[in-house]
Amino acid sequence: MARARLTIDLDAIASNWRALASIAGPRVETAAVLKADAYGLGADRVGPALAAAGARSFFVALAEEGAALRAALGPGPSIRVLGGLMPGDAALCREATLTPCLNSPAQLAEFEAELPGARCALQIDSGMRRLGFAPAELTACAGRLRALRPDLVMSHLACADVPGHPCNAVQLDRFTEGSALFPGVPRSLAATPGTLLGPAWHFDLVRPGIGLFGGLPFAAALPVVRLALPVIQTRAVAPGEPVGYGAAWTAERPSVVATVSGGYADGLLRAIASGGVALYAGETACPLIGRVSMDLLTVDVTDLAEVPAELEILNAHQGVDDLARAAGTIGYEILTSLGDRYERVYKGAASRLDPA
Ligand SMILES: *Cc1c(COP(=O)(O)O)cnc(C)c1O
């Protein structure tokens, strides 16, 4: 095995989408958020797999991502750009039939000037204070915005991963109030965490991202990624001998240490070293030891009868949220950090769909 191999299960992604769609129920549309190249897993493969599963609406962060996704999906599905209409994006939006989510009076003016007659969505700020029309801006611009006939009015929750957080109810009220200025326009408030909060949060369309890819807070998600790292070398280490940068680990018994290909340049964050992470030989957990290097990890394989050609760091036993916990971050960051040096293998029936 020459290269580290990231296996992405497209059927598991489709199945997670269907599970979220059944939580949202038949009267609510379930979209798919594929920003940052589908959370690092490849929008050109994930998009068609989800379209085959029934998804008709997609969201990306940037117009460039939208154009790439359009090439993979073909002309049918809606692709909305969460960052909205940024300067210079109009041509790309027109060519790739992207729907910008207008976020501000400046974006509204740009849209009126550059894309008359095109489709838009509208994002209102219900309390996250990141993107979207603030309440006063919304009131001031409501007439012009209505004239554009937006196909969605949306907002985003800041604290939905904490059910009962007081910000959630405040945002729900502000969204209900703001969206009432656009009667008849479909409404959307929930990403994955909001979808899990319950029907009051679903409105007409839910927008899950991380839940599709096996990350918390959708604890019932099927795992989607498997990451196998080749063993480059093994060596015997005597008690008292240190391993790796900073001599951060020292053998306490006669040990066998495997050096595997994969490091922080591949998204295996340096901070995971102190978090009780293991690499797996089949079912057997072998502790990650010493520091994480740019391209290499060291693993205590003393207890294995035989060292396999590869060890897994992500699988059904240890998921992206386990690595995230070890590194003091979130599964989203682990997924989107997985680097481009991996051989990427897509599995599942959906993997036989050719990218358009
Ligand atoms: C990223 C994002 C989503 C998807 O969020 P998840 O937590 O990954 O489900 C939905 N809406 C907006 C505006 C986002 O930025």
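Residues numbered from 1 in each chain as written. Predicted model: local features only at pLDDT ≥ 70, side-chain atom pairs only at ≥ 80, totals over all residues. Heavy atoms only, no water.

As annotated in an unreviewed UniProt entry, the protein carries the name Alanine racemase and is attributed to Amaricoccus solimangrovi. In UniProt, the protein has this text filed under Cofactor (unreviewed entry): "pyridoxal 5'-phosphate". (UniProt positions renumbered as here; feature names shortened; annotations may be inferred.)

Attention now goes to the pattern of salt bridges. Considering all chains together, one arrives at eleven salt bridges under this definition. With a shortest N-O distance of 3.3 Å, Asp151 and Arg119 are connected by a salt bridge. On the criterion of sequence distance, the pair formed by Asp151 in the loop between helix H7 (135–147) and strand E8 (153–154) and Arg119 in the loop between helix H6 (105–114) and strand E7 (121–123) is long-range, its members being 32 residues apart. For Asp151, a relative accessible area of 17% corresponds to the buried category. Relative accessible area serves as the criterion here: at 53%, Arg119 is assigned to the exposed category. One salt bridge in this structure joins Arg253 and Asp300, with 3.5 Å as the shortest N-O distance. With Arg253 in the loop between strand E13 (249–250) and strand E14 (255–261) and Asp300 in strand E17 (residues 296–300), this residue pair connects regions lying 47 residues apart in the sequence. Judged by its relative accessible area of 35%, Arg253 falls in the partly exposed class. Relative accessible area serves as the criterion here: at 10%, Asp300 is assigned to the buried category. (Salt bridge = Lys/Arg side-chain N within 4 Å of Asp/Glu carboxyl O. Helix = DSSP H or I, 4+ residues; strand = E, 2+ residues; numbered from the N terminus. Buried < 20%, exposed > 50% of the residue type's maximum accessible area, 1.4 Å probe, protein only.)

The UniProt entry lists Arg130 and Met294 under the feature "binding site: substrate" (unreviewed entry), expressed in the numbering used here. Over a stretch of 165 residues, the named residues are scattered through the fold, their C-alpha atoms separated by up to 33.5 Å. Along the polypeptide, Arg130 turns up in the loop between E7 and H7. With relative accessibility at 54%, the residue Arg130 sits in the exposed group. Relative to the helices and strands, Met294 resides in the loop between strand E16 (284–289) and E17. For Met294, the residues in contact, after removing those within four places along its chain, are Gly263, Tyr264, Ala265, Asp266 and Arg341. (Contact = heavy atoms within 4.5 Å.)

Before going further, it helps to spend a moment on the domain arrangement of the protein. Considered domain by domain, the protein is made up of domain 1 (31–213) and domain 2 (225–350). Look at where the C-alpha atoms of domain 1 and domain 2 centre, and you get two points 37 Å apart. Across the boundary between the two partners, domain 1 contributes ten residues, which contact eight residues of domain 2. Contact between domain 1 and domain 2 buries roughly 860 Å² in total, counting both sides, with carbon and sulfur atoms accounting for 68%. (Domains from an automatic or database assignment. Buried area = accessible area lost by both parts, 1.4 Å probe.)

Moving on to the side chain of Thr298. For Thr298, the position within the fold is in strand E17. Judged by relative accessible area, Thr298 falls into the buried class, the value being 13%. Of the polar contacts made by the side chain of Thr298, one reaches the backbone oxygen of Ile289; its length is 2.8 Å. If we ignore the near neighbours within four places in the chain, the residues touching Thr298 are Val243, Val257, Ala258, Thr259, Pro287, Leu288, Ile289, Gly290 and Arg291. (Polar contact = N/O pair within 3.5 Å; in protein donor to acceptor, adjacent residues only side chain to side chain.)

This next bit is on the UniProt feature "modified residue: N6-(pyridoxal phosphate)lysine" (unreviewed entry) in the protein. Within the UniProt annotation, "modified residue: N6-(pyridoxal phosphate)lysine" (unreviewed entry) is assigned to Lys35. Structurally, the position occupied by Lys35 is in helix H2 (residues 35–39). Classification of Lys35 as partly exposed rests on a relative accessible area of 28%. Filtering out sequence-adjacent residues up to four positions away, Lys35 remains in contact with Phe59, Val60, Ala61, Glu65 and Leu82.

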